[in-house]
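Residue-level structure breakdown
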Amino acid sequence: MKSWVKEIPKAVLHDHLDGGLRVSTLIELAKQQGYEDLPSKDEVELKAWIQPKPNQTLALNLEAWAHTIGVMQDKDSLYRVTMEALEDLYNDGVVYAELRFAPLVHCQKDLSPSDVVNAVVNGVKDGMDKYGIVSGVILCGMRQENNSESVVELCIKHDDVIGFDLAGPEIGFSVLNHKNACKKALENDIAMTLHADWEVPEGINEVILQSKAKRIGHGSQIINDVEIKNNNLSFKNKAAKYVFQNKIPLEICPTSNIQCGAFDSIPNHSFGELYKLGFNVTINTDNRLMSDVSMSEEVSNVVDAFDLNQEDIKLITKNTIEAGFVDLKLRKKLL
Ligand SMILES: [Zn+2]
């Protein structure tokens, strides 16, 4: 890793709270709660078990999420995981961080959806005070479920929530199944970023033109919707043109994309080409625990693969903070 990467201020828009726990915290919370389902109580062994294997993609490793979510079913655990996320990001040189999670999956025990949101929002507030990092929380509905409208209602009810997302499997689970949720978010000025990486170009069209999201979660496959002939950029569909012309931020998560099988290596990832073409790319971790990646490592990966320098990263970080959903007054301090 180049020496400046760790120190340079970084910003992340796409980081799942339940995908970013410390492995030590996962083990400690399980012990405290009498949660017996972890495959190992040893940090090294458990970490090795969680990380994607060559024959098993990240997306299929759902059991790992069952465990992280399994121990995040009470206020103290949710608060602790949130505070630790901000501490880890701060120690890694991150100055702006948006965390996201699906509140309804944390109601398996006694918590109401509002209790869940309050616990995380309190963690964000205290983490901001303690570490001086600017942060906010996005609530995710799941594409495969039919309760996304109630997640939007939580976004409306909790002023401190900064946005709404739809996560989960994409193929066969269109965001258009969640029209009412997206409409309600729009009507209530809830900023939307929606995952779309697989059903291209339909996915991007549905997310941006039909659902009116402000940002795209991932979006790396948009490279297949552009053509370069004689140094001229052209677009195969309206959605890709709109994304380019309107500088719609793409929340690119290079390591996660590779682990899901979207690309075979960072040098072959579309990030470099999209950046050089002028797409509004941002660099994100997605799941720090599951992918065993930090923001510095993710920045370092693209710096090395695409020969980027400090000015490139400063520009990407500025664009990232400008694309943020946290109140502009707080973001302005960083711009
Ligand atoms: Zn994600």
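Look up a bit, the structure's there.
So, here's what we can say about the structure. Please read all numbers here as calculations on a predicted model, not as lab measurements.

**Quick look at the nonpolar core**
Counting residues in each nonpolar core, the largest one holds 89 residues, and the members touching the most others are Val94, Val120, Phe164, Ile204 and Ile216. For Val120, the contacting residues outside a window of four places in its chain are Leu17, Leu78, Thr82, Phe101 and Val137.

**Describing the sheet that holds strand 10 (residues 281-283)**
The strands making up a sheet associate through hydrogen bonds between their backbones, and the pairing can be parallel or antiparallel. Read across the sheet, 4 strands follow the order 5-6-9-10 without closing on themselves; strand pairing throughout is parallel. The strands lining the two open edges of the sheet, one partner per strand, are strand 5 (193-196) and strand 10. Across the sheet, the axes of successive neighbouring strands diverge by a mean angle of 30°, strand direction being ignored. Bridge analysis of strand 5 against strand 6 (residues 215-218) gives 4 bridges, and the strand direction is parallel. Pairing of Ala196 across the sheet is with His218, part of strand 6.

**What about helix 10 (residues 238-245)?**
Ala239, Ala240 and Val243 are the residues of helix 10 that are buried. Projected down its long axis, helix 10 shows its buried positions confined to an angular sector of 100°, all on one face. Looking at the buried positions of helix 10, the neighbouring elements they touch are helix 9 (202-210), strand 7 (226-229) and strand 8 (232-235). Remark: Lys247 follows helix 10 within two positions and exhibits a positive phi of approximately 50°.

**Re the packing of helix 7 (residues 148-157) against helix 8 (residues 179-187)**
Two numbers describe how helix 7 lies on helix 8: the axes approach to 8 Å, and their chain directions differ by 15°. By the angle between their axes, helix 7 is roughly parallel relative to helix 8. When the axes of helix 7 and helix 8 are compared, the crossing they make is right-handed. The segment helix 7 lies against helix 8, with Ser148, Glu149, Val151, Val152 and Cys155 engaging Asn180, Ala181, Lys184 and Ala185.

**Here's the deal with unusual backbone geometry**
Generally, phi is negative for residues other than glycine and the peptide bonds are trans, each holding for most cases. You will see that Asn231, though not glycine, has its phi angle at about 65°, which is positive. By the element assignment, Asn231 lies in the loop between strand 7 and strand 8. Backbone geometry places Asp307, a non-glycine residue, at a positive phi of 55°. Mapped onto the elements of the fold, Asp307 is located in the loop between helix 13 (295-306) and helix 14 (310-322). Note on Asp307: 9 C-beta atoms within 10 Å, which makes it exposed.

**A look at helix 14**
With 13 residues, helix 14 should reach 18 Å at 1.5 Å per residue; the first-to-last C-alpha distance of 18 Å fits that figure. Residues of helix 14 that are buried include every one of Ile313, Ile316, Thr317, Thr320 and Ile321, and no others. Looking straight down helix 14, one finds that the buried residues subtend no more than 135° of arc, so they occupy a single side. Facing away from the buried side of helix 14, by more than 90 degrees, are the exposed residues Glu311, Lys314 and Leu315. The secondary structure elements touched by the buried residues of helix 14 are strand 1 (10-16), strand 2 (94-101), strand 10, helix 13 and helix 15 (328-332).

**Looking at the environment of Ala239**
By the element assignment, Ala239 lies in helix 10. It is 36 Å that separates the C-alpha atoms of Ala239 and Asn118, two residues lying 121 residues apart in sequence. Excluding anything up to four places from it in sequence, Ala239 contacts Pro201, Ile204, Asn205, Ile208 and Leu209.

**Observations regarding the sheet that holds strand 1**
Within the open sheet, the 4 strands sit side by side as 1-2-3-4. Their pairing is parallel. Since the sheet does not close on itself, it has two edges, and those belong to strand 1 and strand 4 (161-167), each with one partner. For this sheet, the mean angle separating the axes of adjacent strands, direction not counted, is 25°. The sheet contact formed by strand 3 (residues 134-142) and strand 4 spans 6 bridges and is parallel. Its bridge partner being in strand 4, Leu139 is matched across the sheet by Phe164. Contacts between helix 5 (residues 75-91) and the sheet are confined to strand 1, strand 2 and strand 3, with strand 2 contributing the most and set at about 150° to the helix.

Parameters at a glance
- Residues numbered from 1 in each chain as written.
- Predicted model: local features only at pLDDT ≥ 70, side-chain atom pairs only at ≥ 80, totals over all residues.
- Core = buried A, V, L, I, M, F, W, Y, C linked by C-beta atoms within 7 Å.
- Buried ≥ 20, exposed ≤ 12 C-beta atoms within 10 Å, placed from the backbone.
- Contact = placed C-beta atoms within 7 Å.
- Pairing = 2+ DSSP bridges.
- Helix = DSSP H or I, 4+ residues; strand = E, 2+ residues; numbered from the N terminus.
- Axes fitted to C-alpha atoms, helices over the stretch in contact; angles between N-to-C directions.
- Arc of directions from axis to C-beta.
- Parallel < 35°, antiparallel > 145°, perpendicular 65-115°, else oblique.
- Left-handed = near helix turned anticlockwise from the far one by under 90°.
- Expected span 1.5 Å × (residues − 1).

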